[in-house]
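# Working through the structure, step by step
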Amino acid sequence: MSIELRKDTRKYLLESIQRFFDQELEQDIGDLKAGHVLDFFLVEIAPSIYNQAMTDAQGWLQERLLELPDVKYQPEFDFWKKR
């Protein structure tokens, strides 16, 4: 699975990478190098983050499913019983 970014998101991230290199590493990099860095992150790092997010979401959902039996039961066909 490859991660596809919206055009505006990719543009923002490229600018952010360039700003990071400039301010934190005191290196100016152009669009091409910033694009390579972003592509590296998307291929090498993003899948690990995605997988962890899916694991976290699955665990959260499983916890909610385990709580379902504790949800108050609503009696059926109760109209005539109450009269």
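Residues numbered from 1 in each chain as written. Predicted model: local features only at pLDDT ≥ 70, side-chain atom pairs only at ≥ 80, totals over all residues. Heavy atoms only, no water.

## Quick look at helix α1 (residues 7-24)
Spanning 18 residues, α1 covers 25 Å between terminal C-alpha atoms, matching the ideal 26 Å at 1.5 Å per step. Within the span of α1, buried status applies to L14, I17, Q18 and F21. Each buried residue of α1 sits inside an arc of 95° when the element is viewed along its axis, so together they form one side. Residues of α1 that are exposed and point more than 90 degrees away from the buried face comprise Y12, R19 and E24. On its buried side, α1 packs onto α2 (31-67). Backbone geometry just after α1 places E26 at a positive phi near 55°. (Helix = DSSP H or I, 4+ residues; strand = E, 2+ residues; numbered from the N terminus. Expected span 1.5 Å × (residues − 1). Buried < 20%, exposed > 50% of the residue type's maximum accessible area, 1.4 Å probe, protein only. Arc of directions from axis to C-beta. Contact = heavy atoms within 4.5 Å.)

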